[in-house]
Amino acid sequence: MAQYQPITEPIRRKIEHELGSECIVTDLKALEIYNRDASELVHSPELVIRPQTVDQIQQLLRLANEHRFPVTPRGAGTGLAGGCLPLLGGVVLSLEAMNRIRCIDSQNLVADVEPGVITKTLRDAVREKGLFYPPDPAGLDKSTIGGNAATNAGGPACVKYGTTKDYVLGLQAVLPDGSLIHTGTKTRKGVVGYDLTHLLIGSEGTLGVITGLTLKLIPHPRAVSGLAAVFEDLQTATHAVTAVMSRGHLPSAIEFMDCRCLTLVGELLPFSIPGQNAALLIVETDGAPDSIRAEIEAIGRICREVGASRILPAPQAEDRDALWHVRRQISLRIHDTSVLYIPEDVAVPLNRIAELVEALPEFEARYNFKIYTFGHAGDGNIHLNITATSRNDLDLVEAGVRAILARVLQMEGTISGEHGVGEAKMRFLPMELSPQSVRLQQSIKRLFDPNLILNPGKIFPDLTPD
Ligand SMILES: Cc1cc2nc3c(=O)[nH]c(=O)nc-3n(C[C@H](O)[C@H](O)[C@H](O)COP(=O)(O)OP(=O)(O)OC[C@H]3O[C@@H](n4cnc5c(N)ncnc54)[C@H](O)[C@@H]3O)c2cc1C
């Protein structure tokens, strides 16, 4: 483990002198928000810096190397893995004030943005020009584009359009030694040298601070339609997902939620819940108006054939907004109603979703927890929201989480489809990655950051400096 210096008064004064006092956050109330994200973890920073310029970030990282203090980049703090928390103390580097959309180029279908731009703000701004930025993580009204890139965020639209990495053409980033790098291109193709853009994407703020992004845009779909399909049990709903996808349909979203989730938001539902095992699919299609009308009808027919007890068409934006509101409320309410809440986001191959879902009651009974299940069904990305009514049996819960992850890996799945490793999943990493893979990745980290000053203690346990 590397040794770090605390931020002493002389170091703090030096930071203030080099960067300017305006970027140091001193408001105590404001400071409180920087010790948390959307996970259950808490770590307090010694200092919070909110820079306005790339130059200030470069200066900060040079000082961090000189004095050996940790720096942890932060977007909006909506991450679910503790990635933006200062595990080993030091400085939290908040990118939220670098939030300009520098340019939306309608001719070349690219946008140039700073990292602190809120995801929804960008989506709305490009929409006004008839363009579409598809990545839509469910926390998009708060999360930042920089945070999305650092976690390679995906959302409901991922099933058709892919994740954030599919829309980042190039990056500007400050490396841990304070130097500035530009990666990638402004063109849609480019294969010169190693792909550093995609090495930085998903690196959870451990290899560089993203200070600018060149994003790919596409024409906005001309129309959207949708439906909600109610099933008597979750297994049938997951069979419907495979049936829809394997019969030639590519919805722009196909999300599911189980009965426990539905019960939490009962008063918001436009239907009564049919029985104790009921489940809901929300499906959307987008494209040319005539073709999507036909497609959503065909998807509705497949859902009925497989066993849906009710289809609720959602042709109008208001109908779909109401359904997405339900979907978003669920995670908030699970969080608010549970004493212990562990958000796992495994992914399995599509044809194994039903198998995993069927196995969950066995884990619940054995390990004494309750799982609320919803997720991006079209990607096999299942959010297992593991909850317990007390924190007394933490060891048992931990054993249960480990057992579920082991089952997911047996099914050729992954322990995290989108939330990343951060601190929360670090101890499970060796379950999925081979020792060779871990060694190689640790060497990459050391190459970028020999003094381990950038977001240290994350992803790889036991990493030591050169
Ligand atoms: C209600 C809710 C729903 C969610 N739904 C989804 C979903 O559908 N799909 C999904 O993928 N995620 C989802 N998330 C998780 C979260 O929104 C994403 O991980 C998001 O990308 C984090 O963005 P942020 O700006 O909040 O980053 P933060 O939480 O601040 O940071 C996340 C990580 O990125 C790093 N980082 C942030 N900014 C930078 C930067 N400029 N340079 C380098 N590193 C940086 C941090 O160090 C940290 O490791 C959800 C979260 C919530 C609370």
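Below or above, wherever it landed, is the structure these notes cover.

### A word on the packing of aromatic side chains
All chains considered together, the criterion is met by three aromatic pairs. Centre to centre, the rings of Tyr133 and Tyr167 are 6.2 Å apart; their planes meet at 80°, and the pair counts as edge-to-face. A residue pair is termed long-range when its members are at least 10 positions apart, and Tyr133 in the loop between strand S7 (131–132) and helix H5 (145–151) and Tyr167 in the loop between helix H6 (158–161) and strand S8 (168–174) qualify at 34 residues. Tyr167 gets classed as buried once you look at its relative accessible area, which sits at 5%. Arranged with centres 6.2 Å apart and planes meeting at 20°, the rings of Tyr367 and Phe369 form a pair that is stacked. Residue class for Tyr367 comes out buried when judged on its relative accessible area of 11%. By relative accessible area, Phe369 is classed as buried at 6%. A cation sits over an aromatic face here: Lys216 above Tyr167, 5.3 Å from the ring centre.

### Points about the nonpolar core
Counting 47 residues, the largest nonpolar core has Leu281 and Cys303 as the members making the most contacts within it. In this view, Cys303 contacts Ala229, Phe231, Ala240, Val244, Leu281, Ala308 and Ile311; residues no more than four positions away in its chain are not counted. The next biggest cluster of nonpolar side chains, apart from the first, holds 31 residues, and it includes Ala111, Val113, Val117 and Ile218.

### Section: the pattern of salt bridges
A complete count under the given rule lists 22 salt bridges for this structure. Across the pair Glu267 and Arg333 runs a salt bridge, and its minimum N-O distance is 3.0 Å. With Glu267 in the loop between helix H9 (259–264) and strand S14 (279–287) and Arg333 in helix H11 (residues 317–337), the pair connects residues that are 66 residues apart, well separated along the chain. You can call Glu267 exposed: its relative accessible area is 58%. Here Glu398 makes a salt bridge to Arg427, at a shortest N to O gap of 2.7 Å. Here Arg427 lies in the loop between helix H13 (394–410) and helix H14 (429–432) and Glu398 lies in helix H13, a separation of 29 residues in the sequence. By relative accessible area, Glu398 is classed as partly exposed at 24%. Connected via shared salt-bridge partners are Arg100, Arg102 and Glu114.

Quick notes on the rules
Residues numbered from 1 in each chain as written. Predicted model: local features only at pLDDT ≥ 70, side-chain atom pairs only at ≥ 80, totals over all residues. Heavy atoms only, no water. Phe/Tyr/Trp six-rings, centres within 6.5 Å; stacked < 30°, edge-to-face > 60°. Helix = DSSP H or I, 4+ residues; strand = E, 2+ residues; numbered from the N terminus. Buried < 20%, exposed > 50% of the residue type's maximum accessible area, 1.4 Å probe, protein only. Lys NZ or Arg CZ within 6 Å of the ring centre and 35° of its normal. Core = buried A, V, L, I, M, F, W, Y, C linked by side-chain atoms within 4.5 Å. Contact = heavy atoms within 4.5 Å. Salt bridge = Lys/Arg side-chain N within 4 Å of Asp/Glu carboxyl O.

Keep in mind these values describe shape, not function.
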